Amino acid sequence: MANGIERPLDLLNNSKHKEVLVQLKGDKQFVGTLLAFDIHINLVLDNTKEMQNNEVKRNIGLTFLRGDTIIFISPASTMMKK
Amino acid sequence: MANGIERPLDLLNNSKHKEVLVQLKGDKQFVGTLLAFDIHINLVLDNTKEMQNNEVKRNIGLTFLRGDTIIFISPASTMMKK
Amino acid sequence: MANGIERPLDLLNNSKHKEVLVQLKGDKQFVGTLLAFDIHINLVLDNTKEMQNNEVKRNIGLTFLRGDTIIFISPASTMMKK
Amino acid sequence: MANGIERPLDLLNNSKHKEVLVQLKGDKQFVGTLLAFDIHINLVLDNTKEMQNNEVKRNIGLTFLRGDTIIFISPASTMMKK
Amino acid sequence: MANGIERPLDLLNNSKHKEVLVQLKGDKQFVGTLLAFDIHINLVLDNTKEMQNNEVKRNIGLTFLRGDTIIFISPASTMMKK
Amino acid sequence: MANGIERPLDLLNNSKHKEVLVQLKGDKQFVGTLLAFDIHINLVLDNTKEMQNNEVKRNIGLTFLRGDTIIFISPASTMMKK
Amino acid sequence: MANGIERPLDLLNNSKHKEVLVQLKGDKQFVGTLLAFDIHINLVLDNTKEMQNNEVKRNIGLTFLRGDTIIFISPASTMMKK
């Protein structure tokens, strides 16, 4: 999946319709399916779960996440391999 | 409702006149009917309720919410299904 | 009052010369008559009262409020109906 | 003094050469004569006094105040009438 | 020195080669000779002293100060007169 | 590796496909292989490890890091020589 | 070294290939040789040392420092003369 990444947004493009982990400022963490993003790194996730200590805290379904609270975004598949 | 979402703002467009949950920085949470939004993610909600621990803390009716304090916006219908 | 709101600033336009509640970051709250606003959500309020626990803490008369400290703005009339 | 205020900066214009109260983030408060302002709400005050609990903490004379730390600006004359 | 100040930057221009007090966010305070500034309020000070409780904490000589941490800038001469 | 660095982004360009240490605000630290960056200093790292007290806290594989939470980025090779 | 400084960036230009002290928000301090800077005050330092209480805490070699966490930058030579 790391192939063909020339610019940072390429990773988000490669991750569309796949599960991603999104870490926000203030220790909030979300897992969901990436449906859309823009250059401000605003995201739409589907089947979003708010996580806490690796457990599901809340199901929030479809979600619009504002880019400026995001620290990092990781495709879940590359995490699970570790 | 996840169909046809190409860009993040499409979800907000699909959510117009529907109930949404808005999570702000500093743990404030609002539920209301989305009437309008702009590219700064400024929102107008109607019948807005400030929530705390899943209970209504305050009714604030029609409200203009500044985009830069928003963490996420979720259509309530997709949350309730879970 | 919710009629005819296409864009978020329409609500501020409809609220001119009416009483609004303005919630700022850091738990400051103001009530006053909205005289003017701009696209940065800078406001001018008249007969402004700084509120604390639903009581008037300070009368600050005419006031210029910088937009970037604002969380939400609500016309008082729509709050009172609840 | 509230007459003729169409845009927020009109209040600052009306307040030139008059005493204003300036509230900054982090609970700092200044009183001084407004000499100049710009669209970033940078201000120059003359005879500036830093206030604490309604007492003068420090005289800082002529002062350039950066706009982005300002919460609100009030002409002193409209406060005293209350 | 307050004469001829039409815009906020005029005060900085009048203060060139003079001693200024610069108050930063987070309670840092510097005194030095203003050599240069730009529209971002980035400054260069010479003979800069970091102050704490009116005493010199550290001599840091020539210094580039980023504008976005600055709260206010005061020419020292107008402070001493008080 | 310090040769030929005329502009800050040249160091990031020289560090592509090499291991870098990324220090974030709020004391988070990541080590990974730099795959891509843009002018906002958004990064993509591969084989990313979140570090704490020099130990691996979490493997997060491929990661998109938003530039605005970054304090510094160091090529690991130049750290190890010390 | 203070001669010929017309604009703030002139001091950074004069400091190229010289040792500088960089103070960041959150009390982090770095000393290193300034190799490059841009208008965002992003820096590249060589032989960078993270300092704490005037002692070297960590050697981080070549480093890209993001401008928006910087409070001030001082050429070390002008500090030592004091």
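These figures come from a predicted structure and were not determined experimentally.

Trainee: How should I be thinking about the side chain of C:Arg66 in this particular structure?
Mentor: Here C:Arg66 is to be found in the loop between β4 (55-65) and β5 (70-75). Using a relative accessible area of 11% as the deciding quantity, one classes C:Arg66 as buried. Setting aside residues up to four positions removed in sequence, C:Arg66 forms contacts with C:Asn42, D:Ile41, D:Gly67, D:Asp68, D:Thr69, D:Ile70 and D:Ile71.

Trainee: What am I meant to see in the interface of chain A and chain F here?
Mentor: Interfaces are often sized by the amount of accessible area the parts lose when they come together. Taken together, the 28 residues of chain A in the interface contact 24 residues of chain F. Counting each side, the surface lost to burial between chain A and chain F is near 1,900 Å², with a carbon and sulfur contribution of 64%. Counting across the interface, chain A meets chain F through one salt bridge. Here A:Lys25 makes a salt bridge to F:Asp68, at a shortest N to O gap of 3.6 Å. Taken together, chain A and chain F are joined by eight residue pairs in polar contact (both at pLDDT 80 or more). At the level of secondary structure, the elements contributing two or more residues to the side of chain A that touches chain F comprise α1 (8-14), β1 (19-24), β5 (70-75) and α2 (76-80) of chain A. Sort the elements by how many residues they give to the side of chain A that touches chain F and β5(A) lands first, with six residues. In the side of chain A that touches chain F, the residues fall into 15 nonpolar, seven polar and six charged. Relative to strand β4 (residues 55-65) of chain F, β5(A) runs antiparallel, the two sharing two bridges. Paired with A:Phe72 across the bridge in β4(F) is F:Leu65.

Trainee: How should I be thinking about the packing of aromatic side chains in this particular structure?
Mentor: Aromatic ring pairs: the centre-centre distance and the angle between the two ring planes describe each pair. With the rule as written, the count across this model stands at seven aromatic pairs over all chains. A centroid spacing of 5.5 Å and a plane angle of 75° characterise the contact between D:Phe30 and E:Phe72, whose relative ring orientation is edge-to-face. Linking D:Phe30 in strand β2 (residues 29-37) with E:Phe72 in strand β5 (residues 70-75), this pair reaches from one chain into another. The class of E:Phe72 is buried, set by a relative accessible area of 0%.

What counts and what doesn't
Residues numbered from 1 in each chain as written. Chains lettered and ligands numbered in written order. Predicted model: local features only at pLDDT ≥ 70, side-chain atom pairs only at ≥ 80, totals over all residues. Heavy atoms only, no water. Helix = DSSP H or I, 4+ residues; strand = E, 2+ residues; numbered from the N terminus. Buried < 20%, exposed > 50% of the residue type's maximum accessible area, 1.4 Å probe, protein only. Contact = heavy atoms within 4.5 Å. Buried area = accessible area lost by both parts, 1.4 Å probe. Salt bridge = Lys/Arg side-chain N within 4 Å of Asp/Glu carboxyl O. Polar contact = N/O pair within 3.5 Å; in protein donor to acceptor, adjacent residues only side chain to side chain. Nonpolar A, V, L, I, M, F, W, Y, C, P; charged D, E, K, R; others polar. Pairing = 2+ DSSP bridges. Phe/Tyr/Trp six-rings, centres within 6.5 Å; stacked < 30°, edge-to-face > 60°.

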